[in-house]
Amino acid sequence: MTDAPLPGRDFVSHAQARFDALANYQVTLKSTSAGEEPVEVLYAYRKPGFVRMDFVHPHSGATLTYSPETGKVKLWPFGFDTFPRLTLSPDSRIIQSPQGHRVDHSDIGALLVNVREVQRRGDTQVVGDETVGIRRASHVVVTCRPGPAATGVFRYELWFDVSHGLPVKVASEGALRAPIETVLMEDMRIDVPESQLRPFG
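Each value, and the rule that gives it
Residues numbered from 1 in each chain as written. Predicted model: local features only at pLDDT ≥ 70, side-chain atom pairs only at ≥ 80, totals over all residues. Heavy atoms only, no water. Phe/Tyr/Trp six-rings, centres within 6.5 Å; stacked < 30°, edge-to-face > 60°. Lys NZ or Arg CZ within 6 Å of the ring centre and 35° of its normal. Helix = DSSP H or I, 4+ residues; strand = E, 2+ residues; numbered from the N terminus. Buried < 20%, exposed > 50% of the residue type's maximum accessible area, 1.4 Å probe, protein only. Contact = heavy atoms within 4.5 Å. Polar contact = N/O pair within 3.5 Å; in protein donor to acceptor, adjacent residues only side chain to side chain. Pairing = 2+ DSSP bridges.

Enquirer: Whenever I open this one, the packing of aromatic side chains confuses me. Can you help?
Expert: The description of two aromatic rings rests on the distance between their centres and on the angle between their planes. Counting across every chain of the model gives 6 aromatic pairs. Within the aromatic cluster, the residues linked to one another by ring pairs are Phe19, Tyr25, Tyr43 and Tyr45. In this arrangement the basic side chain of Arg46 is found over the ring face of Phe50, its NZ or CZ atom lying 4.5 Å from the centre. Positioned over the ring face of Trp159 is Lys169, at 4.6 Å from the centre of the ring.

Structural data, given as structure tokens:
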């Protein structure tokens, strides 16, 4: 008996259902993009949309939080709950990534919405099982058919952890297969006890 991926399985829908069922998660994000400095962030998410990002590199020590209750971002350049503290709109260019990512649309659920949009307009291929770091993952490629792509991404490669079903690596490409970004998601913890979650400000 094997648990190898089935060609017809919709890993994206499975991941969406897994995300819908969780209360929170914490993960280390490592992002690389052509021509940009690598980014490493300790990322925490709690429903219905609270986000905390503690920067390891660059901007080491800086902390950013988002509250869906206020619709505002708080930025502590020198560490959480230290002076100064800036209050910003999530659409402020100061806190957007070079790829235009916003903190209020930075969670796995938002990623999956974008992937589903490309999937709806294109084709999905299940490549097979691979190893990402120490995790066993199912490799899936979602490619948009020719024409306008709503997210600016024409192709996603995703690796879904076979144990929890969420992505542990995502690579995105634009038109003509130009790389946009590759993100590794390491040390993911799902449904962390409230007492162990870092404060969301």
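Enquirer: Help me out: how do you make sense of the environment of Ser31 in this one?
Expert: Along the chain, Ser31 turns up in strand S1 (residues 24-32). For Ser31, a relative accessible area of 12% puts it in the buried group. Once the C-alpha coordinates of Ser31 and Ser92 are considered, the two residues, 61 residues apart in sequence, prove to be 20 Å apart. For Ser31, the residues in contact, after removing those within four places along its chain, are Pro38, Val39, Glu181, Thr182 and Val183. Among the polar contacts listed, one links the side chain of Ser31 to the side chain of Glu181, at a separation of 2.6 Å.

Enquirer: Would you take a moment to explain the pairing of strand S7 (residues 122-132) for this structure?
Expert: One face of the sheet, then the other: side chains in a regular strand alternate in exactly this way. Note: S7 against strand S8 (residues 135-144), 10 bridges, orientation antiparallel. Its bridge partner lying in S8, Thr124 is registered against Val142. The hairpin formed by S7 and S8 contains 2 residues between the paired strands, and Gly133 there has a positive phi angle of roughly 65°.

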